[in-house]
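So you can see what is in the structure, the chains are spelled out below.
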Amino acid sequence: MQMVKVSVLYPYADAFRFDFDYYCTKHMPMVKDKLGDACQGIAVDRGIAGGAAGSPPSFVAMAHLYFHTEADFQASFGPHTAEIMDDVPNYTDITPVIQISEVLINARRSDPGPFHLHLSSSAN
């Protein structure tokens, strides 16, 4: 079964404001409510470091929203775009970057056997 991931990325800058408490307790529950059953799952990450020792993270925060198809995302997000985006200044001054990806592998360490690949016919 196809799955897509919509990632909302907040790039690191030397000076930024990001209220994780508001984001996790107010904004993301509102987003989850607006997207309804089309959204199959949500994850939020806080960047803590870059790849080199002592370096800052590339992103302050990341949210990942999972849908069966890009069309499911567009249909559920579209009617609520203004309300969701109007809430951004309540928790950050960072302009988010949006990435929509096709999930090719989604596995837990405890899953036995080889990876189950989710390759569509359009994959290169």
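Everything in this summary refers to the structure shown in the same document. (Residues numbered from 1 in each chain as written. Predicted model: local features only at pLDDT ≥ 70, side-chain atom pairs only at ≥ 80, totals over all residues. Heavy atoms only, no water.)

Another point: the overall build of the protein chain. Across its full length, the protein chain carries three helices and four strands. Mapped from its N terminus to its C terminus, the protein chain presents α and β elements in the order β-α-β-β-α-α-β. Taken over 124 residues, the protein chain has a buried fraction of 28%. A separation of at least 24 residues holds for 72% of the contacts in the protein chain among residues at least 6 apart in sequence. (Helix = DSSP H or I, 4+ residues; strand = E, 2+ residues; numbered from the N terminus. Buried < 20%, exposed > 50% of the residue type's maximum accessible area, 1.4 Å probe, protein only. Contact = heavy atoms within 4.5 Å.)

The biggest cluster of nonpolar side chains holds 23 residues, and the ones touching the most others in it are Tyr 10, Phe 18, Tyr 23, Leu 35, Leu 65, Phe 67 and Tyr 91. At six residues, the largest contribution of residues to this core is made by helix H1 (residues 20-35). Setting aside residues up to four positions removed in sequence, Leu 65 forms contacts with Val 4, Lys 5, Val 6, Val 8, Met 28, Val 31, Leu 35, Cys 39, Gly 41 and Ile 42. (Core = buried A, V, L, I, M, F, W, Y, C linked by side-chain atoms within 4.5 Å.)

A few words now on the pairing of strand E3 (residues 59-67). In this sheet, E3 lies alongside strand E1 (residues 4-11) in antiparallel orientation, the contact comprising eight bridges. Among the inter-strand pairings, Val 8 is bridged to a residue of E3, identified as Ala 63. (Pairing = 2+ DSSP bridges.)

Within the structure shown, the criterion is met by one salt bridge. Across the salt bridge formed by Glu 83 and Lys 34, the nearest N and O atoms sit 3.3 Å from each other. Highlighted residues: Glu 83 in helix H3 (residues 81-86) and Lys 34 in helix H1, separated in sequence by 49 residues. Since its relative accessible area comes to 42%, Glu 83 is described here as partly exposed. In this structure Lys 34 comes out as partly exposed when scored by relative accessible area, which is 24%. (Salt bridge = Lys/Arg side-chain N within 4 Å of Asp/Glu carboxyl O.)

Further remarks concern the packing of aromatic side chains. Note on aromatic pairs: each is described by the distance of the centres and the angle between the planes. Applying the stated criterion across every chain, the model contains eleven aromatic pairs. Consider the rings of Phe 18 and Tyr 23, whose centres lie 5.1 Å apart with planes at 70°: the pair is edge-to-face. We note Arg 46 situated over the ring of Phe 20; from NZ or CZ to the ring centre the distance is 4.0 Å. (Phe/Tyr/Trp six-rings, centres within 6.5 Å; stacked < 30°, edge-to-face > 60°. Lys NZ or Arg CZ within 6 Å of the ring centre and 35° of its normal.)

A few words now on the side chain of Ser 7. Relative to the elements of secondary structure, Ser 7 occurs in strand E1. A distance of 2.9 Å separates a polar atom in the side chain of Ser 7 from a polar atom in the side chain of His 64. Those residues in contact with Ser 7 that sit more than four places away from it in its chain are Ala 63, His 64, Val 97, Ile 98 and Gln 99. (Polar contact = N/O pair within 3.5 Å; in protein donor to acceptor, adjacent residues only side chain to side chain.)

For helix H2 (residues 70-77), the full list of buried residues reads Phe 73, Ser 76 and Phe 77. Mapping the buried residues of H2 onto a view down its axis gives an arc of 90°, with all of them on the same face. Opposite the buried face of H2, at more than 90 degrees from it, the exposed residues are Ala 71 and Ala 75. For H2, the secondary structure elements touched by its buried residues are E1, H1, E3, H3 and strand E4 (97-102). (Arc of directions from axis to C-beta.)

Coordinates in, geometry out; function isn't part of it.
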